[in-house]
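Spelled out from the first residue to the last, the chains are:
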Amino acid sequence: MNDNASTRDARSPHAPEARSWRTATLAPFRSRVFLMIWSASLASNFGSLIQAVGASWLMTSLAPSPDMVAMVQASSTLPIMLLSLLAGAVADIWDRRLILLIAQCSLFAVSATLAVATYLGMVTPWTLLALTFLVGCGMALYAPAWQSSVGEQVPRSDLPAAVALNALSFNVARTVGPAVGGTIVALAGPAAAFLVTSLSYVPLITALAFWRRPKPQSFLPPESIGSAMAAGLRYAYLSPAIRTVLVRSTAFAICGSSLWALMPLIARDLIGGGALTYGVLFATFGLGAVAGALANTQLRQRYRHEHLVQAASIAFGLTTLIAALSSWPVLSIGVLFIGGAAWVLTLSTLNITVQINSPRWVVGRAMATYQMVTFGGMAVGSWFWGQVAAGYGLVTSLVISGLAMAASALLGYRLPLPQAEAVNLDPFRNWQDLQQQIGRVRDDGPVVVTIEYRIAPQDQQAFMRAMREVRRIRRRDGARRWTLLQDIGNPEIWIERFHSPTWIEHLRRRHRFTVADREIERQALAFHRGDQPPKIRHLLERSPEQAVESAESGAAPADARTAITDPNVPATDLSMAERRGCHPIETRSSGGK
C-alpha cells in the first residue's frame, strides 16, 4: 500500500474510514525505540515539573513580590527564545542523539548544583534566577533535537500521534509532578525537590546512550551555523503555513502566560493556600492537559484545526477570568482542568502543523523557530503580566489577559490555520541523482540558472500568477536574485533567472525541492507551448579581472579547470555567452532542475 495514500486516509478530518481511537493514538508505541525514549522522557518530565514547583515556591520566600515570582517563569523560557534557532541549526547539521545527550547531562549538572546550593543556604533570588536560566538553556538545546528526532523514531504516518503522545507524556507528568513537587517542598524543602529533579534525568540519558540512531546519507558538506540559521528563518518566513502558526502561537503564548506565571500567587493570595495547594492547581491543569492530549487525535479527525484552536483560545480565556475572580478553591481547581485541556489542544495542533509542513532537512530549525516565538511570547508575557500585577493588582492582570486570550480567537478570520496534512515533502530528487554532479566546480560560483519558457499571449497573466508560487519556492530553498524576464523582440519568450552562491549551494537547493513543490511547478509548466520542454541553462558568473589574475598567476583557465572535474563540459574556445561574462556549465532540455 502507498504510504502517502494511507497517511492521507488516516489523517483526513473527514475520512470515511478513520482509524479507531486506540489504533490512531497508540500506533507510535509499535516502534521499540520510540517506546523506550518516551518512557524515559516521562521520568524526565516529572523531574522538570518538580523543579518548576520548587523554584517558584522558593522564590515566594526569597522575594515574594509578584514581578520576582513571575521572573522565575520568564528566566526558564527566555533561553528558549534566545537559543532555539541556534539549537535547531545544530540539530539539523550534527548528530541529534549526541546533542540530546549533551543537553540532558547539562540539565543533570545544573539541577544537582541547584540542589546543593539550596541545601547549603547559598541561594539568593538572583542566584535562583541564574540557575533557572541555565536550566532553560539546557531545555533550549534539547527541545529542537528532540522534536525533530521523533520523525526518525516512527513512520511519517504516525508522526501526528507521536507528537500527541509526547504532549501526553509531559502532561501526565504535569498532572502528578506538581503535586509530588509540592509535597516534597512541604515535607523536605526545595533542596530535596531539586535533588529528585537531577536524578530524573538519568533514565533518559541511559536510553539515549543505547539508541543507535540511523545516520542520514548526505554527499554534501554540512552547512555553516550561520547559513543554516538563515536558511531556517527563510524557510519559516516563506512558508505560509508555518508563518501563520508563528503569529498564532505568539499571540496565544503572550496572552496565556499570565496563568502560568502568576499561579503561585493565585494559590497563595486568591484562595489562601500553600505549597500543596499550588501543587494541586498545577496537577489539575496537567490532568486537563492529559485529557486534551488523549482526545487530540480524534478531535483533529472530526474538526478543522482552526475551529479547535479558536474554541480552545476562548476556553482558556474564560479559565483565566474565572481563576481571577474566584476565591473558592474548588471552583479555581476545577476550572484549571478546562484550561489544561485548552492549552495542550492549541499547542499540540500548532506543533503538528509545523512538523507536517516541514521537510526533514529543516524540521529542526522549523521547530526551533516555532519554540522560539512560543517560549519568547511566554517569557515576554510572564514579565509583562507580572509588571501589571505589581502595579495594578493580581486580579486586574488576570482579567485583562483572559479577555485578550478570548479575543485572540478572532485572528482565525484573518490568519486561518491550514488543514491539509497529506503534503508529500519527500525530496523530488535523491542523492544518487545529484552525487555525480558534486565534484563539479565545488566552490565555484555564483551559479546562474535560466529557464526559458514559451507562453501564448492569452496565458501570460495566468502564467505570471503561477510563477508567484514558483518564486516563493525558489527563494525559500535558497535561490537569490530571482527575476522573471520577457523578451522584447519575441513577447512569447519568458526567462526565469535566479542565482546560487556556489555550485554546492545550487545542489543543496535542488535537493530541497520536494514532491509537493514539483506539483506547484507543473502548474506553471503547463502554460509552456514550445515543441520542446523549457530550456534550462546553468552558468557561472565570470569577471574579466579573473582572466587577468589567472594569466599573471599561471593558473589554468576556468574552462580547463572545469573540464578536469566535469568530463561533460568540453574545453573549447570561448562561446558567445562566455564573451559576455558567463561560462556555461550545462545546457539541458528537460522540465526538471
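Residues numbered from 1 in each chain as written. Predicted model: local features only at pLDDT ≥ 70, side-chain atom pairs only at ≥ 80, totals over all residues. Heavy atoms only, no water.

*Asks:* Explanation requested: the overall build of the protein chain in the structure shown.
*Replies:* Secondary structure summary: the protein chain contains 24 helices and five strands in total. Burial analysis of the protein chain (593 residues in total) assigns 55% to the buried set. Within the protein chain, counting contacts between residues at least 6 apart in sequence, those at least 24 apart form 85% of the total. (Helix = DSSP H or I, 4+ residues; strand = E, 2+ residues; numbered from the N terminus. Buried < 20%, exposed > 50% of the residue type's maximum accessible area, 1.4 Å probe, protein only. Contact = heavy atoms within 4.5 Å.)

*Asks:* When you look at the nonpolar core in this model, what are you seeing that I'm missing?
*Replies:* A general feature of soluble globular proteins is that nonpolar side chains tend to end up buried together. Counting 109 residues, the largest nonpolar core has Met 59, Leu 259, Leu 262, Phe 285, Trp 343 and Tyr 370 as its most contacted members. Counting residues per element, this core draws most heavily on helix 11 (residues 240–270), which supplies 15 residues. The contact partners of Leu 259, leaving out residues within four places of it in the chain, are Ile 266, Phe 285, Phe 316, Thr 319, Thr 320, Ala 323, Leu 336 and Leu 398. In terms of nonpolar packing, the next biggest core, distinct from the first, is built from 22 residues, Val 447, Ile 455, Phe 498 and Ile 536 among them. (Core = buried A, V, L, I, M, F, W, Y, C linked by side-chain atoms within 4.5 Å.)

*Asks:* Help me out: how do you make sense of unusual backbone geometry in this one?
*Replies:* Across residues other than glycine, the phi torsion is negative in most instances, and most of the peptide bonds are trans. A positive phi angle, close to 50 degrees, is found at Arg 481, a residue other than glycine. Of note, Arg 481 is situated in strand 2 (residues 480–486).

*Asks:* What should I look at first to understand a nonpolar patch on the surface in this one?
*Replies:* Together, Phe 108, Leu 195, Leu 199 and Val 202 line one region of the surface with nonpolar side chains, adding up to about 340 Å² of accessible area. As for its position among the elements, Leu 195 is in helix 8 (residues 190–200). (Patch = residues over 30% accessible without salt bridge, like charges linked within 9 Å, V, L, I, M, F, W, Y side chains within 5 Å. Areas by Shrake-Rupley, 256 points an atom, 1.4 Å probe, with all protein chains shown as cover. Salt bridge = Lys/Arg side-chain N within 4 Å of Asp/Glu carboxyl O.)

*Asks:* Looking at this structure, I do not really get helix 4 (residues 66–93). What am I missing?
*Replies:* One turn of an α-helix holds 3.6 residues; hence residues three or four places apart share an orientation. For helix 4, spanning 28 residues, the distance from its first C-alpha to its last is 41 Å, which sits close to the expected 40 Å at 1.5 Å a residue. If you look at helix 4, its biggest bend is around 55 degrees, right at Leu 83. (Expected span 1.5 Å × (residues − 1). Bend = angle between axes of the 7 residues up to and from the residue.)

*Asks:* Would you take a moment to explain the packing of helix 3 (residues 32–62) against helix 6 (residues 125–153) for this structure?
*Replies:* Between two packed helices, the angle of one axis relative to the other and the distance separating the axes together describe the packing. Packing of helix 3 against helix 6 brings their axes to within 12 Å, and their N-to-C directions diverge by 160 degrees. By the criterion of interaxial angle, the relationship of helix 3 to helix 6 is roughly antiparallel. Pair helix 3 / helix 6 crosses with left-handed handedness. Contact residues: Val 33, Phe 34, Ile 37, Ser 41, Gln 51, Ala 55, Leu 58, Met 59 and Leu 62 in helix 3; Pro 125, Leu 128, Leu 129, Thr 132, Val 135, Tyr 142, Trp 146, Val 150 and Gln 153 in helix 6. Taken together, the residues of the contact of helix 3 with helix 6 break down into 14 nonpolar, four polar and no charged. (Axes fitted to C-alpha atoms, helices over the stretch in contact; angles between N-to-C directions. Parallel < 35°, antiparallel > 145°, perpendicular 65-115°, else oblique. Left-handed = near helix turned anticlockwise from the far one by under 90°. Nonpolar A, V, L, I, M, F, W, Y, C, P; charged D, E, K, R; others polar.)

*Asks:* How do you make sense of the pattern of salt bridges when you look at a structure like this?
*Replies:* Pairing between side chains of opposite charge can happen when the charged atoms of each approach one another. Under the criterion given, the structure shown has 18 salt bridges. As a salt-bridge pair, Glu 496 and Arg 474 come within 2.7 Å of each other at their nearest N and O atoms. Placement of Glu 496 in strand 3 (residues 493–500) and of Arg 474 in helix 19 (residues 460–476) is noted, with a sequence separation of 22 residues between them. Judged on exposure class, the residue Glu 496 and its partner Arg 474 are both buried.

*Asks:* Can you help me understand the packing of aromatic side chains in this one?
*Replies:* Throughout the structure, instances matching the rule amount to eleven aromatic pairs. When the ring of Tyr 142 is compared with that of Trp 146, the centres are 6.3 Å apart and the planes differ by 10 degrees; the resulting orientation is stacked. Linking Tyr 142 with Trp 146, this pair stays in helix 6, spanning four residues, or about one helical turn. Across the pair, exposure class does not vary: Tyr 142 and Trp 146 are buried alike. Here the aromatic rings of Phe 285 and Phe 316 are separated by 6.2 Å at their centres, their planes lie at 85 degrees, and the arrangement is edge-to-face. In this pair, Phe 285 sits in helix 12 (residues 275–302) while Phe 316 sits in helix 13 (residues 305–325), placing the two residues 31 residues apart along the sequence. Three or more aromatic residues joined by ring pairs make a cluster, and in this case those are Phe 252, Phe 285, Phe 316 and Trp 343. Lying over the aromatic face of Tyr 237, Arg 243 brings its terminal NZ or CZ to 5.6 Å of the ring centre. (Phe/Tyr/Trp six-rings, centres within 6.5 Å; stacked < 30°, edge-to-face > 60°. Lys NZ or Arg CZ within 6 Å of the ring centre and 35° of its normal.)

*Asks:* Honestly, the pairing of strand 2 in this entry has me stumped. Any pointers?
*Replies:* Every other side chain in a regular strand lies on the same face of the sheet, so the side chains alternate between the two faces. Two strands pair when backbone bridges link them, and strand 2 and strand 3 are joined in this way by five bridges, in the antiparallel orientation. Across the sheet, residue Thr 483 finds its bridge partner in strand 3, namely Arg 497. Once strand 2 ends, the chain turns through six residues before running back antiparallel as strand 3. (Pairing = 2+ DSSP bridges.)

*Asks:* Where do I start with the confidence of the model for the protein chain in this structure?
*Replies:* Caution is warranted with low-pLDDT regions, since their predicted coordinates should not be read in detail. For the protein chain, the average pLDDT comes to 80, and 83% of its residues sit at 70 or higher. Contacts from residues 1–18, a stretch scored under 50 in pLDDT, to residues over four places away or in other chains number 22 contacts. This stretch, residues 556–593, has a pLDDT under 50; its non-local contacts, to residues over four places away or in other chains, come to 77 contacts. (pLDDT = per-residue confidence, 0-100.)

*Asks:* Please clarify how the packing of helix 11 against helix 12 should be interpreted in this entry.
*Replies:* Between helix 11 and helix 12, whose axes approach to 8 Å, the crossing angle comes to 140 degrees. Overall, the two elements helix 11 and helix 12 adopt an arrangement that is oblique. Along this stretch, helix 11 crosses helix 12, giving a crossing that reads as right-handed. Judged by residue contacts, Leu 259, Trp 260, Met 263, Pro 264, Ile 266 and Ala 267 of helix 11 engage Thr 277, Tyr 278, Leu 281, Phe 282 and Phe 285 from helix 12.

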